[in-house]
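Take a look at the letters that make up each chain.
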Amino acid sequence: MFQMGRREQLVILIILAALLFGGGYRYAVYKGNLASDQPTIVVAAEETEQSDVKPEEIVIHVSGEVAKPGVYHLLTGDRVIDAIEMAQPNAEADLDSLNLATPLADGQKISVPPKMELMAGDSAMPGGNTSQLIASTVNATGGKVNLNTADLFQLDTLPGIGPALAQRIIDYRQTNGGFKTIEDLKNVSGIGDKKYNDLKDMISIY
């Protein structure tokens, strides 16, 4: 039988070791190429957190020139236009007098007024014009205008408050969720201490 010497055995061991090393290296390169071909998916932590946040439900009261006045359930982030569209505004509704882009607040009341030309047409009604009619109605219910529920025309009956300032009052209460005290009226642009003192006995928040 053929017997190899120590030198021949050493050469064969070196060759086998080289073959094993070469095979292992090629396998490692192959696996690395496979891994590099896989797409890397990165999920932003902030994006994941935002997807878990659900908007809260808010309750809004819509009245005035709408087909379906009442209480509606919406979500935080919705706007005045969303609530009015749910209540279906009438053709006579003066939507331009409202800030339709204002974010809604829970418990907010939106009063949709009629167009000015309709109010002007009512001046022929017995007993005087519309402003006088509204003023008499306010007087009959306690003599004070509620800053949180009065519409544009009721606010306009207050001395020194025109349509533009009345709209600012409505915009303020829609943006801030209503007046907490009557002194908050001074936060409305155009109403200083003097005008507030003239009005404080004629207004309420309840």
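Residues numbered from 1 in each chain as written. Predicted model: local features only at pLDDT ≥ 70, side-chain atom pairs only at ≥ 80, totals over all residues. Heavy atoms only, no water.

### Structural notes on the pattern of salt bridges
According to the stated counting rule, one finds two salt bridges in the structure shown. Here Asp 193 and Lys 186 are joined by a salt bridge, their closest N and O atoms 3.5 Å apart. Owing to a relative accessible area of 52%, Asp 193 belongs among the exposed residues under this scheme. With relative accessibility at 36%, the residue Lys 186 sits in the partly exposed group. Residue Asp 198 is joined to Lys 194 by a salt bridge in which the shortest nitrogen-to-oxygen separation is 3.6 Å. (Salt bridge = Lys/Arg side-chain N within 4 Å of Asp/Glu carboxyl O. Buried < 20%, exposed > 50% of the residue type's maximum accessible area, 1.4 Å probe, protein only.)

### Examining the pairing of strand 2 (residues 70-75)
Judged from the six bridges that link them, strand 1 (residues 57-64) and strand 2 form a sheet pairing that is antiparallel. Paired with Ile 58 across the strands is Leu 74, a residue of strand 2. Taking the residues that link successive antiparallel strands as the turn, the strand 1-strand 2 hairpin has five residues. (Pairing = 2+ DSSP bridges. Helix = DSSP H or I, 4+ residues; strand = E, 2+ residues; numbered from the N terminus.)

### Side note on the sheet that holds strand 2
Strand pairing in a sheet relies on backbone hydrogen bonds. The paired strands run either parallel or antiparallel. One open sheet holds the three strands; their spatial order is 2-1-3, and the pairing between them is mixed. Edge strands, defined here as strands with exactly one partner in the open sheet, are strand 2 and strand 3 (109-112). Sheet twist, expressed as the average angle between the axes of neighbouring strands with direction ignored, equals 30 degrees. Most of the contacts of helix 3 (residues 80-87) go to strand 2, to which it runs at about 135 degrees, and overall it touches strand 1, strand 2 and strand 3. (Axes fitted to C-alpha atoms, helices over the stretch in contact; angles between N-to-C directions. Contact = heavy atoms within 4.5 Å.)

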